[in-house]
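# Reading the structure
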Number of protein chains: 2
Amino acid sequence: MGITPPRSRYQQVAEHLRRAITAGEYRPGQALPSESQLAQQFGLNRTTINKAIRQLVAEGLVVVEHGRGSYVREQRPVIHISADYVTRGADGWPTWTSELAREGLSGSQRIREVSVIDPPTEIAGRLGLEDGEQVVVRRRLLLIEDEPVQLADSYYPARIAADTELARRAKMRGGENGALERLGIQLGFVDEEVSARMPTPDEAGLLKIPQGTPVLRHVRVTYDRDGRPVAVMAAVMAADRFTMRYRLPTSTGGGEQE
Amino acid sequence: MGITPPRSRYQQVAEHLRRAITAGEYRPGQALPSESQLAQQFGLNRTTINKAIRQLVAEGLVVVEHGRGSYVREQRPVIHISADYVTRGADGWPTWTSELAREGLSGSQRIREVSVIDPPTEIAGRLGLEDGEQVVVRRRLLLIEDEPVQLADSYYPARIAADTELARRAKMRGGENGALERLGIQLGFVDEEVSARMPTPDEAGLLKIPQGTPVLRHVRVTYDRDGRPVAVMAAVMAADRFTMRYRLPTSTGGGEQE
DNA sequence: GAGTGGTCTAGACCACGCC
DNA sequence: GCGTGGTCTAGACCACTCA
């Protein structure tokens, strides 16, 4: 038993298992030995083994299922979100459903809430609202193959969205961009921000996020041709299922124009 | 003591503290009561309290300092990485240093390794390499105010980069894009991917990532005018310090052309 | 040296999955 | 009912910080 405390015992156990997992001795989906077995094998208390397993869970390598065992975490298929949704196709604006259909997946959405509220300060700031101005909020849950995978909240200044289809609890043809255009708004550009953090307990529950998995936060501000913000979308998704993709032109000004 | 087990006691303690923190009863940087104090206050064992604290650490709300105490985590200033580095300015290509200077920060880099290697399969794939083709790799550590904040590894097909400045251990004027242009390569576009995961222990150490903080992974593939990949950059950074930013034009084809 | 968190043990009971 | 992980306790010793 090479288990002695230069580093703590549970860390050594974790390292041992981590090595075995990355070396492929335990394959994804496969069960690790039970905690009691490991305790016996290493001559340690089960509490110590449990702590080692917890460590691996936090690293996203292992999931534990109560009453069943601990398993090497399986990779879930990754969805690539391309920024194409800002590019209008021949048949209109891409939507969640249409984009996923291209990958052979069935996307759907559930509208959780549509209402007029006082905006969170972050949103008010991004929309450049005056004090006291309200917003229409549309809270949606996006699903793939009927599994909830993304929370997406959109905000529109009440000034332009109240009493329009944006404020009604129904899907909108061509999505947000379609609706905005029908209001006579000429779209200019979008600013996107991508960041990551750990999920709140709420998010973890709603999106069934495995332990040790962060979320990607995706915020998009849509501007009209005059550079006025007209919409903010703030989405949260499990980071083990999504990747954001952007294609950008490289302006080699120096190579040609200059 | 409203501590009874509908949910586990440690979770109730965690919830209690979480609520107090988000309500501002404990401010960022402020110490929580010691574990012994909390144990006494709730009539629980210290082990149980410790588990509650661990929970909050995993959520990124709290940091613990051995021998000192547990503290509400302070927000670190967020650096926004704009995708402007693909747009050449009047004075050449933006670099890490020049971009940060615009925000009034001093950026520097340390070149950790420059060598010719067999590429990881992911890189080989993205570069479209033949079997057995090698790459030049430049591993850099990027710093802000002399603090390591980002690991950035760049890969170039040895076919085009061997025996060039890309393969030498020195900084390159105008960064990667500058060097590629000097090789006569006409840049076309880049594909970027942003994802997130938990750090490996190595990364956590090198980047001094606080417990409970994920990393953002940023992969950029640079293509020439003919759509051939000429470079891959793969970076990892603490997600509590960085946000990726993109500005994209909204092509309202329907509004005008159709 | 006092106080704090880090770890560990031995033992216990509970909750869940499954046969 | 058996085996699994989930939680909890009482008590102990260690390692670190700071006065």
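Counting of residues starts from 1 at the beginning of each chain's written sequence and follows it residue by residue. For naming, the first written chain is A and the first written ligand is 1, with later ones following in the order written. Whole-chain, interface and lining totals are the exception, using all residues; otherwise, since this is a predicted model, local features are given only for residues with pLDDT of at least 70 and side-chain atom pairs are given and counted only at 80 or more. Side-chain numbers come from the whole structure's heavy atoms, not from hydrogens or water.

### Quick word on the overall build of chain A
Assigned secondary structure in chain A consists of nine helices and ten strands. Our radius of gyration looks at C-alpha atoms and nothing else; its globule reference is 2.2 Å times the residue count to the power 0.38. Taken against the 2.2 N^0.38 rule, which gives 18 Å for 258 residues, the C-alpha radius of gyration of chain A at 24 Å runs more than 25% over that of a compact globule. With a 1.4 Å probe rolled over the protein chains alone, any residue whose accessible area is under 20% of its type maximum counts as buried; one over 50% counts as exposed, and the rest are partly exposed. Scored against the burial criterion, the 258 residues of chain A give a buried share of 52%. Here a residue-residue contact requires only that any non-hydrogen atoms of the pair lie within 4.5 Å. Put simply, of all contacts in chain A between residues at least 6 apart along the chain, 60% involve residues at least 24 apart. Charge assignment: positive for Lys and Arg, negative for Asp and Glu; neither His nor the chain ends contribute. We put the charge of a Lys on NZ, of an Arg on CZ, of an Asp on CG and of a Glu on CD. Separation of charge centres in chain A, based on 34 positive and 34 negative side chains, amounts to 6 Å. Secondary structure elements are taken from DSSP: a helix is a run of H or I of four residues or more, a strand is a run of E of two residues or more, and numbering for both begins at the N terminus.

### Digging into the layout of surface pockets
Residues are said to line a cavity or pocket when one of their atoms sits within 4 Å of a point; the points come from a 1 Å grid over protein atoms alone, cavities being sets where a 1.4 Å probe fits but cannot get out and pockets being open sets with protein on both sides within 12 Å along at least five of seven lines. Grid points are joined across faces, edges and corners, and a volume is the space filled by probe spheres set on the points. Its volume calculated, the second largest pocket comes out at about 1200 Å³. The wall of the second largest pocket is formed by 47 residues, among which Arg197, Met198, Thr200 and Arg217 of chain A together with Gln75 of chain B lie closest to the centre.

### Here's the deal with helix α1 (residues 9–22) of chain B
Side chains of residues three or four places apart in an α-helix project in the same direction, reflecting 3.6 residues per turn. Residues and elements named next belong to chain B. Between its first and last C-alpha, α1 extends 20 Å over 14 residues, near the 20 Å set by a 1.5 Å rise per residue. Of the positions making up α1, those classed as buried are Tyr10, Gln12, Val13, Ala14, Leu17, Arg18, Ala20 and Ile21. Looking one or two residues beyond α1, the residue adopting positive phi is glycine 24, at roughly 90°. For a helix, the expected span equals 1.5 Å multiplied by the residue count minus one.

### Observations concerning the protein's contact with DNA strand C
It suffices for a single heavy atom of a residue to lie within 4 Å of a molecule or strand for the residue to be listed as near it. Taken together, 25 residues sit near DNA strand C, with Arg9, Asn45 and Thr48 of chain A together with Glu35 and Arg46 of chain B positioned nearest. Any N or O atom pair separated by 3.5 Å or less is treated as a polar contact, with the protein-specific requirement of one donor-capable and one acceptor-capable atom, and with residues adjacent in sequence counted only for side-chain atom pairs. With respect to DNA strand C, the side chain of arginine 46 of chain B contributes an N or O atom lying 2.7 Å from a base oxygen. Looking at the surface near DNA strand C, the elements with two or more residues in it are α1 (9–22) and α3 (46–58) of chain A together with α2 (35–42), α3 (46–58) and β2 (69–72) of chain B. Tallying contributions element by element places α3 of chain A first for the surface near DNA strand C, with four residues. Only Asp, Glu, Lys and Arg are considered charged in this grouping, and only Ala, Val, Leu, Ile, Met, Phe, Trp, Tyr, Cys and Pro are considered nonpolar; every other residue, Gly among them, is considered polar. For the surface near DNA strand C, the residue count by class is three nonpolar, 14 polar and eight charged.

### Quick notes on the interface of chain A and chain B
Between chain A and chain B, the contact holds 47 residues from the first and 47 residues from the second. Accessible area that two parts lose when put together, with a 1.4 Å probe and added across both, is what the buried area reports. Carbon and sulfur atoms supply 52% of the area buried between chain A and chain B, which totals about 3900 Å² over both sides. Looking only at chain A, the three residues that lose the most surface to chain B are Tyr246, Leu248 and Thr250 of chain A, adding up to 17% of its buried area. For this document, the term salt bridge refers to a Lys or Arg side-chain nitrogen within 4 Å of an Asp or Glu carboxyl oxygen. Scanning the region where chain A abuts chain B turns up four salt bridges. Among the ionic pairs, arginine 245 of chain A bridges to glutamate 193 of chain B, the shortest N-O distance being 3.0 Å. The tally of links between chain A and chain B comes to 14 residue pairs in polar contact (both at pLDDT 80 or more). At the level of secondary structure, the elements contributing two or more residues to the side of chain A that touches chain B comprise α7 (175–182), β7 (187–197), β10 (242–249) and α9 (253–256) of chain A. A per-element tally of the side of chain A that touches chain B places β7 of chain A first, with eleven residues.

### What to know about the environment of serine 36 of chain B
With respect to the helices and strands, serine 36 of chain B occurs in helix α2. Distance from serine 36 of chain B to glutamate 181 of chain B, taken between C-alpha atoms, is 63 Å for residues 145 residues apart in sequence.

### So, the relation of the copies chain A and chain B
Superposing the two chain copies requires a rotation about an axis and a translation along that axis. Turning chain A through 180° and shifting it by 0.0 Å along the axis lays it on chain B, with an RMSD of 0.1 Å. Here the copies are linked by what is in effect a two-fold axis. The fit set for superposing copies consists of C-alpha atoms from residues with pLDDT of at least 70 in both; the fit itself is least squares.

### Quick word on the packing of α2 of chain B against α3 of chain B
Residue and element names in this part refer to chain B. Orientation is described by lines fitted to C-alpha atoms, with helices fitted over the stretch in contact, and by angles between N-to-C directions that extend from 0 to 180 degrees. With their axes 8 Å apart at the nearest point, α2 and α3 run at an angle of 110° to one another. Viewed along their axes, α2 and α3 adopt a mutual orientation that is roughly perpendicular. Of the two elements, α2 crosses α3, and the hand of that crossing is right-handed. Residues Glu35, Ser36, Leu38, Ala39 and Phe42 of α2 touch α3, and the partners they reach there are Arg46, Ile49, Asn50 and Ile53. Partitioned by chemical class, the residues of the contact of α2 with α3 number five nonpolar, two polar and two charged. Convention used here: angles under 35 degrees read as roughly parallel, angles over 145 as roughly antiparallel, angles from 65 to 115 as roughly perpendicular, and any remaining angle as oblique. Working rule for handedness: look at the near helix, and if it is turned counterclockwise from the far one by less than a right angle, call the crossing left-handed; if clockwise, right-handed.

### Brief notes about the environment of proline 201 of chain A
All names here are of chain A. Structurally, the position occupied by proline 201 is in helix α8 (residues 201–206). With a relative accessible area of 44%, proline 201 lands in the partly exposed category. Distance from proline 201 to valine 13, taken between C-alpha atoms, is 28 Å for residues 188 residues apart in sequence.

### Some remarks on the pattern of salt bridges
Scanning all chains against the criterion turns up 42 salt bridges over all chains. Residue arginine 182 of chain A is joined to glutamate 165 of chain A by a salt bridge in which the shortest nitrogen-to-oxygen separation is 2.8 Å. In this pair, arginine 182 of chain A sits in helix α7 while glutamate 165 of chain A sits in the loop between α6 (158–161) and α7, placing the two residues 17 residues apart along the sequence. The closest approach of N and O atoms between arginine 46 of chain B and glutamate 35 of chain B, which form a salt bridge, is 2.9 Å. Placement of arginine 46 of chain B in helix α3 and of glutamate 35 of chain B in helix α2 is noted, with a sequence separation of eleven residues between them. Glutamate 35 of chain B gets classed as buried once you look at its relative accessible area, which sits at 16%.

### Let's talk about the UniProt feature "domain: HTH gntR-type" (unreviewed entry) in chain A
UniProt positions are given in the numbering used here, feature names are shortened, and annotations may be inferred rather than shown by experiment. As recorded in UniProt, the sites labelled "domain: HTH gntR-type" (unreviewed entry) are residues 7–75 of chain A. End C-alpha atoms of residues 7–75 of chain A are separated by 30 Å, and the span's content is 51% helix alongside 12% strand.

### Describing the environment of aspartate 118 of chain B
Residue and element names in this part refer to chain B. Structurally, the position occupied by aspartate 118 is in the loop between β4 (107–117) and α5 (121–127). Look at aspartate 118 and you get exposed, because its relative accessible area is 56%. Considering only alpha carbons, one finds aspartate 118 and glycine 132, 14 residues apart in sequence, at a separation of 7.2 Å. Separated by 3.2 Å, the side chains of aspartate 118 and glutamine 134 make a polar contact.

### What to know about the sheet that holds strand β3 (residues 79–82) of chain A
A sheet is described by the order of its strands in space; here eight strands give the open sequence β3(A)-β10(A)-β7(B)-β8(B)-β9(B)-β6(B)-β5(B)-β4(B), paired in mixed fashion. Edge positions in the open sheet fall to β3 of chain A together with β4 of chain B, since each of these has one partner strand only. Sheet twist, expressed as the average angle between the axes of neighbouring strands with direction ignored, equals 20°. A pair of strands counts as paired when DSSP detects no fewer than two bridges linking them.

### Focus: the pairing of strand β6 (residues 147–157) of chain B
All names here are of chain B. Judged by how many residues are buried, β6 sits mostly within the fold: ten of eleven residues are covered. Summarising the sheet, strand β5 (residues 135–144) and β6 pair through ten bridges and their orientation is antiparallel. In the strand pairing of β6, arginine 140 is matched with alanine 152. Between the antiparallel neighbours β5 and β6 lie two residues, among them glutamate 145 with a positive phi of about 50°.

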